[in-house]
Amino acid sequence: MVSVMQPFMDIESSRSYIDELYSADNQKCFDAVVCLKNSVIGSNRQKGSVIAQGVVPRLLQLLCDPNNVYDDKIRLESAVTLGSLAKGTDQHILALIDLGVVTSILQVLSTSVIPLANPENIKLRNALYEACLRCLRTIFQHHAAPVSAIFIEPSFIPKLLQLSNISINSQVYVAMILTAACKTCEEQNILLAGGAIKTLAKQLKCEFADVQLPALACLANMCYQNADVAALIASTTVTDEVEECIPVILGQLMGRDKGTLIQLEAARCVAYMHRAHALDSNDPRVVYKALPTLIRLCHKEKPTRERIAAAETLAYLTEVDTDLQRLASISNHLIPTLADFLKPSSQVHDAALAQDMRQAAFRAFASLGANDEDIRKRIIETENLMEQVVSGLQDPGGPKVRLAAVRCLHSLSRSVQQLRTTFQDHAVWRPLMQLLHGADKCSEGKPDGEEDLLTVASGTLCNLLLEFSPSKEPILESGGVELLCSLTKRSDPSLRLNGIWALMNVAFQAEQRVKSQILTCLGTDQIFRLLADPELAVLMKTLGLLRNLLSTKTHIDRIMADHAAHVMQAVILVLEDPNHPAEVKEQALCILANVADGDRARDHIMANEDVLKKLMDYMMHSNVKLQVAAIFCVCNLVWREEPGAALRQARLKELGLYRILLQLRHTKDTQLFDNVFYSRVKTALAQFFDT
């Protein structure tokens, strides 16, 4: 509720008409409400005083009168007064929400009323509905508003759309209400079922920008990441003088003769429709309208908030399409324009607005540099850009800018050349590790921003830990292995994947001490948990980690000397599971092949009859890749130049493995005569001494 507020007038002068609010005399009650309305207009102090004195419940009682004791004039003035109170401070709006204003207004708007014959009465009733819509619209602009309340009663959306026909203002209010409430896929589908598309589409043809803007915003929200709704919006037609589909109308609204806000919202609609697969990337509305419009609206002469929205939308539009990224990057000086977002500007005195500019620029750069090496190079070579990115990683204003900066860094880190040069020159790994250590200390269940930050930052770390990256050693020295092992234990599958993926990169061609550190820190129990992970990608990277750990003869022998039982058990579990796809089992067979390359480690295979029988089974498998992997393992076991080869060959002949190789060499299944497969079979047979 609200804190102590100053009275809006002295007790002697206010008591009389406060009492008259409760009068049974309609005229006295009406006059009191009008007096109250006039006292709060334009004064937050007066609004706070009225709320503090407990007047709001009486206004709601007058508004929602179930017995029609009070006429529509009183109800109208009560609604207008509540709407005025809703235009106060955040504190005032929260108080109104707590007092049930939203529920009461929805009750008024959804209640069926007796048809009125008198034109004056109809006009008054419509004015009441419009005042209620205006009040609801104002409250719904607050982040804490219970916007989902409009979906509780299924019949309310059609009723709300019907009320939009009352007046031009009602069209605006209804569209803004629906925009604020449309946040999930389920809500998008409810609006679709309620007939919102047709109503909003008609508003696009209105001559008033104030009507077009909220309609555009609502259509954009409806098709955001919803392919079904976006497809229906794209195919909906509007008949005015001629019949036109919505994309055609959107193309017209992006014309330079329209206001910049109209252009921006129309471009946002097209961007969302494209990302929801309702419009192709080569559609003229995407390539020749939305893309250049958004780029143009990023320029310095445009209002700051419009520049921010344009950059954010541009980032979303270009995020996954390489052609759009390339076209945008060479259009209208976009890269230096976005870099200007990051410079301290005397025009932006609002710190929050300056942060939003930095966030938008980082997001746009992340999208532009996602796939093309040349674009990344041009971004990185922009003056002071890397300094700004590093600074963004340490931004004290909350996770938003830090998340956007690390997304940008993640995109740029896909460049091999830049990992070796620019990233090392700026010691990017240092603030990234600080950020990761800080985010990892947050317990799970923290705000999404922190969890997303950890996910993207750990993904970036995967790239910085590639074998050729100069950042690899200092990252390991600053606790990298421990951090990554802790990520593999998180409940979020993205964090587990990034953790094990980065460990796999660390283990590639690593020294024995690093491999031992990984095994000690991760532990065999955790490895088994990861091998049972429901996420296929996590399982694959865990097998990749084992494969990298078991490389180089001396390392293989050392690791198998300490962990042979666990390694063999892990491989058998994977090979025996009928639910694992072929690519998983191929990785397990490759691990066996690596073990078979060890001087002493291969003895663990030879001593395990279950594993040898598995090898024979996979040599005869219907999947050629699994056959090749199994035969490669056999090659390592029977290699004649290795000590003890004759004994191993004799044992494998005894089991019938040599006979299988002969059968494979003479197979008439043409599918098996793949060059690699046939070469492996010949190589394995050639190793036997008595061939």
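Criteria and cut-off values
- Residues numbered from 1 in each chain as written.
- Predicted model: local features only at pLDDT ≥ 70, side-chain atom pairs only at ≥ 80, totals over all residues.
- Heavy atoms only, no water.
- Helix = DSSP H or I, 4+ residues; strand = E, 2+ residues; numbered from the N terminus.
- Rg over C-alpha atoms; globule rule 2.2 N^0.38 Å.
- Buried < 20%, exposed > 50% of the residue type's maximum accessible area, 1.4 Å probe, protein only.
- Contact = heavy atoms within 4.5 Å.
- Areas by Shrake-Rupley, 256 points an atom, 1.4 Å probe, with all protein chains shown as cover.
- Lys, Arg positive; Asp, Glu negative; His and termini not counted.
- Charge placed at Lys NZ, Arg CZ, Asp CG, Glu CD.
- Axes fitted to C-alpha atoms, helices over the stretch in contact; angles between N-to-C directions.
- Parallel < 35°, antiparallel > 145°, perpendicular 65-115°, else oblique.
- Left-handed = near helix turned anticlockwise from the far one by under 90°.
- Nonpolar A, V, L, I, M, F, W, Y, C, P; charged D, E, K, R; others polar.
- pLDDT = per-residue confidence, 0-100.
- Core = buried A, V, L, I, M, F, W, Y, C linked by side-chain atoms within 4.5 Å.
- Salt bridge = Lys/Arg side-chain N within 4 Å of Asp/Glu carboxyl O.
- Disulfide = S-S within 2.5 Å.

## Things to note about the overall build of the chain
Turning to step 1, where the next piece is worked out: From N to C terminus, the chain includes 42 helices and two strands.
Turning to step 2, where the next piece is worked out: For 691 residues, the compact-globule estimate of 2.2 N^0.38 gives 26 Å, and the C-alpha radius of gyration of the chain, at 34 Å, exceeds that figure by more than 25%.
Turning to step 3, where the next piece is worked out: Taken across its 691 residues, the chain has 55% of its residues classed as buried.
Turning to step 4, where the next piece is worked out: Long-range pairs, those at least 24 residues apart, make up 70% of the contacts in the chain with a sequence separation of at least 6.
Turning to step 5, where the next piece is worked out: Here the chain displays about 30,500 Å² of accessible surface, and carbon together with sulfur accounts for 51% of that area.
Turning to step 6, where the next piece is worked out: Looking at the chain, you have 70 positive and 78 negative side-chain charges, and the mean spots of the two groups are 3 Å apart.

## Some words on the packing of helix α5 (residues 72–85) against helix α8 (residues 119–140)
Turning to step 1, where the next piece is worked out: Closest axis-to-axis distance for the α5/α8 pair is 8 Å, and the angle between their directions is 20°. The orientation of α5 with respect to α8, classified from their angle, is roughly parallel. With respect to the hand of their crossing, α5 and α8 are arranged in left-handed fashion. Here α5 contributes Asp72, Lys73, Arg75, Leu76, Ala79, Val80, Leu82 and Gly83 to the contact with α8, which in turn contributes Leu124, Arg125, Ala127, Leu128, Ala131, Cys132, Arg134 and Cys135.
Turning to step 2, where the next piece is worked out: Across the contact of α5 with α8, the residue classes tally to ten nonpolar, one polar and five charged.

## Examining the confidence of the model for the chain
Turning to step 1, where the next piece is worked out: Model confidence for the chain is summarised by a mean pLDDT of 90, while 92% of its residues fall at 70 or above.
Turning to step 2, where the next piece is worked out: Considering each helix and strand of the chain separately, the mean pLDDT is smallest for helix α1 (residues 11–20), with a value of 60, and largest for helix α16 (residues 260–275), with 98.
Turning to step 3, where the next piece is worked out: Of the regions scoring below 50 in pLDDT, residues 1–13 engages in 26 contacts with residues more than four places distant in sequence or in other chains.

## Remarks on the nonpolar core
Turning to step 1, where the next piece is worked out: Leu109, Ile150, Met222, Leu592, Ile605 and Leu637 are the most contacted members of the largest nonpolar core, which totals 242 residues.
Turning to step 2, where the next piece is worked out: Once residues lying within four places of it in the same chain are set aside, the contact partners of leucine 592 are Met568, Val571, Leu575, Ile605, Val611, Leu615 and Cys633.

## A short note on the pattern of salt bridges
Turning to step 1, where the next piece is worked out: A full pass over the atoms with the stated rule returns 26 salt bridges.
Turning to step 2, where the next piece is worked out: One salt bridge in this structure joins aspartate 356 and lysine 400, with 3.1 Å as the shortest N-O distance. With aspartate 356 in helix α21 (residues 351–368) and lysine 400 in helix α24 (residues 399–412), the pair connects residues that are 44 residues apart, well separated along the chain.
Turning to step 3, where the next piece is worked out: According to the relative accessible area criterion, aspartate 356 is partly exposed, its value standing at 21%.

## Re the state of the cysteines
Turning to step 1, where the next piece is worked out: Following the criterion strictly, the structure yields zero disulfides and no others.
Turning to step 2, where the next piece is worked out: We note that cysteine 485 lacks a disulfide partner, and the nearest cysteine sulfur, in cysteine 521, lies 3.4 Å from it.
Turning to step 3, where the next piece is worked out: Of the residues examined, cysteine 485 reaches a relative accessible area of 2% and is grouped as buried.
Turning to step 4, where the next piece is worked out: We note that cysteine 633 lacks a disulfide partner, and the nearest cysteine sulfur, in cysteine 635, lies 9.3 Å from it.
Turning to step 5, where the next piece is worked out: Classification of cysteine 633 by relative accessible area gives buried; the value is 0%.

## Structural notes on the packing of helix α9 (residues 156–163) against helix α10 (residues 168–181)
Turning to step 1, where the next piece is worked out: One way to put it is that α9 packs onto α10 with a least axis distance of 8 Å and a crossing angle of 150°. The angle between the axes of α9 and α10 places the two elements in the roughly antiparallel class. The segment α9 lies against α10, with Ile157, Leu160, Leu161 and Leu163 engaging Ser170, Val174, Ile177 and Leu178.
Turning to step 2, where the next piece is worked out: Considered class by class, the residues forming the contact of α9 with α10 number seven nonpolar, one polar and no charged.

## Considerations on the environment of isoleucine 74
Turning to step 1, where the next piece is worked out: Locating isoleucine 74 in the fold gives a position in helix α5.
Turning to step 2, where the next piece is worked out: Owing to a relative accessible area of 0%, isoleucine 74 belongs among the buried residues under this scheme.
Turning to step 3, where the next piece is worked out: Measuring from C-alpha to C-alpha, the distance between isoleucine 74 and phenylalanine 30 comes to 5.2 Å, with 44 residues separating the pair along the chain.
Turning to step 4, where the next piece is worked out: When sequence neighbours within four positions are dropped, the list of residues in contact with isoleucine 74 reads Asn26, Cys29, Phe30 and Leu62.

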